[in-house]
Amino acid sequence: MTAGLSLGILSLHFWPSLPDYICFITAMIIGGAIYLCLRSVIILTFAMGGLWAWLIAADYSQTVNRLPLERGNITITGEVRSLINHNILDKKFIFLTETVSDRDLQRKEKIQLQLEWPNAPVFRQGQRWKFNIRVRRPNGRVNAAGFNAERYAVGTGIHGIGTVLSGQLLSGVSETSLRQTWFEQAIKQTEMLPYQAYLLALSFGERQGLDQKDWTILRDSGLAHLMAISGLHIGLVVAWGWWAGNRVRGALPERQETYWLPLWLALLLALGYAWLAGFSIPTQRALLMSALCLLLIRLEVVWSGMRVWLLVFTVCLFLNPLATYSAGLWLSFGAVLVLYLANVGGIRRRKGISVSGVAAWRENCRVYMLLQLVLLGLMLPLQWVWFGGISPVAPLVNLLAVPWVSLITVPLVLLAVVTLAFPAISGMFWQMADGSLHPVMNVATLTSGTWLPLSDGLFWGLLILIVLLTMGWFLPWRQFAGLHLSVAIVLWGSYTGYKSYRVPPQDWQIDMLDVGHGLAVIIQRHGRAVLYDTGNHWPGGSMVLSVVEPVLHRWGITGLDGFMLSHADADHAGGTADVLERLSPDWQRSSDRREGFAPCVRGQAWRWLDLSFQVLWPPKRVGRAANPHSCVIQVSDARLNPESQTSLLLTGDIDAISELLLARLEPELKADILLVPHHGSNTSSTQTWLQSLQARYALVSTGKYSPWPLPSVRIRERYRSHGITWLDTSESGQINLRIHKGEITVTRYRQDHRTDWYQALFRP
């Protein structure tokens, strides 16, 4: 029954759209008829799970549809739900509305918004505010790899994104949540400690204070799961509570009332720790699992581990079907399942080993190390799906860090929290907890650079190996040779199908990445790549780190052969430093004077893997390249395909004057594929220039909610009037063009690669 419900709920991931009421009821009737004929419980429960998933998704869609179709201003009242750390510049927080535009909402229709408040006054969790906000529906970039903001919004139940324009406090200044009060006291007592951000993460589950450097260290070391209030820590608190309850019960006279004391004390401590974390989704799952296990133990009911896992998994899916779009659910339940399978497969303490002494210590280390290795291997598919790589050193680091943090740091942190009312005592515990993190973070820092990004090809190879080894572990090769052979054939067929989508040796491809208002274009051939522009940057990050590098790694490319910079504006050159540091191009060119860059001016030409690059503009190098000085490059495969050549024109942000001058210099210039100059603004794309180019495809890089109203509707219609196919990243996501002997195949990632039901909700 539980399996059918789970599969029915998970079927939501395969729906390209939400069926309307009539279609869904018809499907339910057909499912009921099949059940009556076959008497299969799993079919009935599958239909029930699908119905429940549809109801929840439909309710979410209805709530999102209450927001403006395009970005607009509304007035809302409601409550601040996030803990607020005013020492952090990032003022993003969760706000639950009560009324919208002075119209009361039903409870089930309350809207959860992620708001940002520039130059915000002091505000706190639990306060009620009236805000004037500019709001929009969730929207994110769509690329071959990188963060999926739309999926994140669905998984966390966020209905809209907004910016606070003005606010009025409705409740009293002192009316804040107890959790916020404790949080502020903890911030004050730890403000001079070097690992304050980690201590706050372990005590309140808030990781706002971790910067990009911290996240990189945690990723490379495999410790990201440890520096938060996770299921592991909830489980530890439950174990402490159970142990303490048994000791107290043993010291008291034998009475019926004390029989349940260990269970209630364990759950009470776990509830308190989960409350500190704001009852986040991971802690809710851990509480549910702990409560069920404790109840079974106390009632002396014996269930298999798989039955317990499946029941808790199903209940969690039933309580929040949309949580399946978040990484936390899959990683937590996946890890528990792997540990259970490892135990069933024989990774546990061997019989006959002494329970104390050196032999017991060595046996525990053996089991613990094997568990870490199994977790690394069997969690690889989930790591690849959500993060695109693995940390090979994670088993060793976790072998040292998990027991240390769990048995030393976490107890000290909890003691510091419960003694917050006594600053001297609490401060001592905070300092001890901070000191306990020094050896852990020193080890973690040594792992810098060990993160292993997994390309599609490498992932498939590792997956085939892991599946076959796992089957050999549980199913002996000799007895199940036919099954092993069948699985190997299926996996090899899947890998062969994947290889058919790779770029053949005689082809080349162009990818305009979805970087919002900016530009980043990758030209790829033979598994090697060159980059034209970088996209923008911001404090602590850039489009290179969040988009360009993950996409290249997904293709198995770890470095660039070349790097071309059109001009110096931040939306084109903002990630230059990250390109040079992370992708180490063999050569780089620019139209302005930059150290280490060769000139990118008219007359320059070179070949790369039988593709010809010819610089057409500007006529000379400048100190700082502005829009008119953009480096214009024609890329041609005339040498590769002399009978059916295809050309690409990279234009940067040149203006109309530059276009006309270039047309005079190159009257015979043609381009099959054209990068629309200056994001389709009215200052470029003149009628004369378009007529002379005779382009087939026009690619433009813009952002859906960019501050600039680009592309211009007039310019877009001008291209279409010339019969040019218009491709816009704000509408299509990453745009891929594969060239094969003059034939151009276009792939739009938003329309052709991802067809989730919520996409039409955010982009009607």
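All of these numbers come straight from a predicted model, not from anything done at the bench. (Residues numbered from 1 in each chain as written. Predicted model: local features only at pLDDT ≥ 70, side-chain atom pairs only at ≥ 80, totals over all residues. Heavy atoms only, no water.)

**Student:** In this structure, what is going on with the sheet that holds strand β21 (residues 673-675)? I would like to understand it.
**Tutor:** Sheet strands pair via backbone hydrogen bonds, and the direction of the pair is either parallel or antiparallel. Pairing within the open sheet is mixed, and its seven strands lie in the order β17-β18-β19-β20-β21-β22-β23. Two strands lie at the open edges of the sheet, namely β17 (605-608) and β23 (725-728), each paired on one side alone. Neighbour to neighbour, the strand axes of the sheet diverge by 20° on average, direction disregarded. Of the pairings in the sheet, the one linking strand β18 (residues 611-617) to strand β19 (residues 632-636) comprises five bridges and is antiparallel in character. For Val615, the partnering residue across the bridge sits in β19 and is Ile633. Strands β18 and β19 of the sheet are contacted by helix α22 (residues 656-665), whose axis makes an angle of about 120° with β18. Strands β21, β22 (697-700) and β23 of the sheet are contacted by helix α24 (residues 713-721), whose axis makes an angle of about 140° with β23. (Pairing = 2+ DSSP bridges. Helix = DSSP H or I, 4+ residues; strand = E, 2+ residues; numbered from the N terminus. Axes fitted to C-alpha atoms, helices over the stretch in contact; angles between N-to-C directions. Contact = heavy atoms within 4.5 Å.)

**Student:** Got a minute to help me understand a nonpolar patch on the surface in this structure?
**Tutor:** A grouping of Tyr21, Ile22, Ile25 and Ile29 is seen on the molecular surface, where their side chains present a nonpolar patch of about 450 Å² in accessible area. With respect to the secondary-structure elements, Ile29 resides in helix α2 (residues 21-38). Assessed through its relative accessible area of 58%, Ile29 is described here as exposed. (Patch = residues over 30% accessible without salt bridge, like charges linked within 9 Å, V, L, I, M, F, W, Y side chains within 5 Å. Areas by Shrake-Rupley, 256 points an atom, 1.4 Å probe, with all protein chains shown as cover. Salt bridge = Lys/Arg side-chain N within 4 Å of Asp/Glu carboxyl O. Buried < 20%, exposed > 50% of the residue type's maximum accessible area, 1.4 Å probe, protein only.)

**Student:** When you look at the nonpolar core in this model, what are you seeing that I'm missing?
**Tutor:** Generally speaking, soluble globular proteins have nonpolar side chains that are buried together. Counting 52 residues, the largest nonpolar core has Tyr198, Leu223, Met227, Ile234, Tyr273, Trp430 and Met441 as the members making the most contacts within it. The leading source of residues in this core is helix α15 (residues 394-418), at 10 residues. Once residues within four sequence positions are removed from consideration, Ile234 is found in contact with Ile229, Ala270, Tyr273, Ala274, Thr283, Ala286, Leu287 and Ser290. Within the second largest apolar cluster, 32 residues are counted, among which are Val64, Ile94, Leu322 and Phe762. (Core = buried A, V, L, I, M, F, W, Y, C linked by side-chain atoms within 4.5 Å.)

**Student:** I keep staring at α22 and nothing clicks. Help me out?
**Tutor:** Turn by turn, an α-helix covers 3.6 residues, leaving residues three or four places apart pointing in a common direction. Those residues of α22 that sit buried are Ser658, Glu659, Leu662 and Ala663. Along α22, the residues classed as buried sweep out an arc of 135° about the axis, all on the same side. Every exposed residue of α22 that faces more than 90 degrees away from the buried side is listed here: Ile657 and Arg664. Packing partners of the buried residues in α22 comprise β18, β19 and α23 (687-693). (Arc of directions from axis to C-beta.)

**Student:** Explanation requested: the side chain of Arg718 in the structure shown.
**Tutor:** Mapped onto the elements, Arg718 comes out in helix α24. Summary of buried charges: Arg718 has no salt-bridge partner, and the nearest side chain of opposite charge, Glu659, is 6.9 Å away. Those residues in contact with Arg718, other than ones at most four positions away along the chain, are Ser684, Ser685, Thr686, Gln687 and Leu690. (Lys, Arg positive; Asp, Glu negative; His and termini not counted.)

**Student:** Before we go on, may I ask you to explain helix α9 (residues 261-276) in this structure?
**Tutor:** Across its 16 residues, α9 extends 23 Å between first and last C-alpha, which sits within 8% of the 22 Å expected from 1.5 Å per residue. Of all the residues in α9, the buried ones are Pro262, Leu263, Ala266, Leu267, Ala270, Tyr273, Ala274 and Leu276. For α9, the secondary structure elements touched by its buried residues are α5 (178-190), α6 (196-204), α8 (231-251), α10 (281-298) and α15. Of the residues trailing α9, Gly278 is marked for its positive phi of about 75°. (Expected span 1.5 Å × (residues − 1).)

**Student:** I keep staring at the pairing of strand β6 (residues 160-169) and nothing clicks. Help me out?
**Tutor:** A regular strand places its side chains so that they alternate between the two faces of the sheet. Here strand β4 (residues 112-116) runs beside β6; their pairing, made up of four bridges, is parallel. Across the sheet, the residue bridging to Leu115 is Gly162, located in β6. Where strand β5 (residues 128-136) lies against β6, eight bridges are found, and the strand directions are antiparallel. If you follow Val135 over to β6, its bridge partner there is Gly162.

**Student:** Any chance you could explain the state of the cysteines here in plain terms?
**Tutor:** Working definition: the covalent bond between the sulfur atoms of two cysteines is a disulfide. According to the stated counting rule, one finds one disulfide in the structure shown. Considering cysteine sulfurs only, Cys316 is the nearest to Cys293, which forms no disulfide, with 12 Å between them. (Disulfide = S-S within 2.5 Å.)

**Student:** Help me understand the environment of Val544 in this model?
**Tutor:** Examined against the element boundaries, Val544 turns out to sit in helix α19 (residues 543-554). Considered as a pair, Val544 and Leu583 are 39 residues apart in the sequence and their alpha carbons are 9.3 Å apart. If we ignore the near neighbours within four places in the chain, the residues touching Val544 are Thr534, Glu549, Pro550, Gly575, Asp578, Val579 and Leu583.

**Student:** Which parts of the structure should I look at to understand the pairing of β23?
**Tutor:** Pairing of β22 with β23 involves four bridges; the strand directions are parallel. Looking across to β23, one finds that Ala698 is bridged to Trp726. What joins β22 to β23 is α24, and the crossover it makes is right-handed. (Right-handed = clockwise from strand over helix to strand, strands pointing away.)

**Student:** How do you make sense of the sheet that holds strand β10 (residues 521-525) when you look at a structure like this?
**Tutor:** One open sheet holds the eight strands; their spatial order is β16-β15-β14-β11-β10-β9-β24-β25, and the pairing between them is mixed. The open sheet has two edge strands, β16 (598-599) and β25 (743-748), and neither has a second partner. When strand β9 (residues 508-512) meets strand β24 (residues 735-740), the two strands line up antiparallel, connected through five bridges. Of the residues in β24, the one forming a bridge with Met512 is Ile735.

**Student:** Please clarify how the pattern of salt bridges should be interpreted in this entry.
**Tutor:** Opposite charge on two side chains lets them pair, provided their charged atoms get close. According to the stated counting rule, one finds 17 salt bridges in the structure shown. Note that Arg624 is salt-bridged to Asp569, the shortest N-O span being 3.8 Å. Here the residue Arg624 occupies a position in the loop between β18 and β19, and Asp569 occupies one in the loop between β14 (562-565) and α20 (570-573), the gap between them amounting to 55 residues. Of the charged contacts, one joins Arg696 and Asp672 as a salt bridge, the two residues approaching to 3.6 Å between their closest N and O atoms. Within this pair, whereas Arg696 is found in the loop between α23 and β22, its partner Asp672 is found in the loop between α22 and β21, the two being separated by 24 residues in sequence. By relative accessible area, Arg696 is classed as partly exposed at 33%. Bridged by salt links that share partners, the residues Arg716, Glu717 and Arg720 form one connected network.

**Student:** What is the right way to look at the packing of aromatic side chains in this model?
**Tutor:** Describing an aromatic ring pair means giving the distance of the ring centres and the angle of the ring planes. One pass over the structure, following the stated rule, counts 27 aromatic pairs. Between the aromatic rings of Trp117 and Phe131, the centroid separation amounts to 5.0 Å while the plane-to-plane angle is 75°, which identifies the pairing as edge-to-face. Linking Trp117 in the loop between β4 and β5 with Phe131 in strand β5, this pair joins segments that are 14 residues apart in sequence. Look at Trp117 and you get buried, because its relative accessible area is 6%. Geometrically, the ring pair formed by Tyr325 and Trp757 is edge-to-face, given 6.3 Å between the ring centres and 75° between the ring planes. On the criterion of sequence distance, the pair formed by Tyr325 in the loop between α11 (305-319) and α12 (327-344) and Trp757 in the loop between α26 (749-753) and α27 (759-762) is long-range, its members being 432 residues apart. Both residues of the pair, Tyr325 and Trp757, belong to the buried class. Within the aromatic cluster, the residues linked to one another by ring pairs are Phe93, Phe95, Trp117, Phe123, Trp129 and Phe131. One Lys or Arg, Arg307, reaches over the ring of Trp303 and ends 4.1 Å from the middle of that ring. The ring of Tyr705 is capped by Lys704, whose NZ or CZ atom sits 6.0 Å from the centre of that ring. (Phe/Tyr/Trp six-rings, centres within 6.5 Å; stacked < 30°, edge-to-face > 60°. Lys NZ or Arg CZ within 6 Å of the ring centre and 35° of its normal.)

**Student:** Explain the packing of α10 against α11 here, please?
**Tutor:** Axes are the key here: two packed helices are described by the angle between their axes and the distance separating the axes. Contact geometry of α10 with α11 gives a least axis separation of 10 Å together with a crossing angle of 140°. One way to sum up the angle between α10 and α11 is to call them oblique. Every pair of crossing elements has a handedness; the one defined by α10 and α11 is right-handed. Within the contact between the two elements, α10 uses Arg285, Leu288, Met289, Leu292, Cys293 and Leu296 and α11 uses Val308, Trp309, Leu311, Val312, Val315 and Cys316. Counted by class, the contact of α10 with α11 contains 11 nonpolar, no polar and one charged residues. (Parallel < 35°, antiparallel > 145°, perpendicular 65-115°, else oblique. Left-handed = near helix turned anticlockwise from the far one by under 90°. Nonpolar A, V, L, I, M, F, W, Y, C, P; charged D, E, K, R; others polar.)

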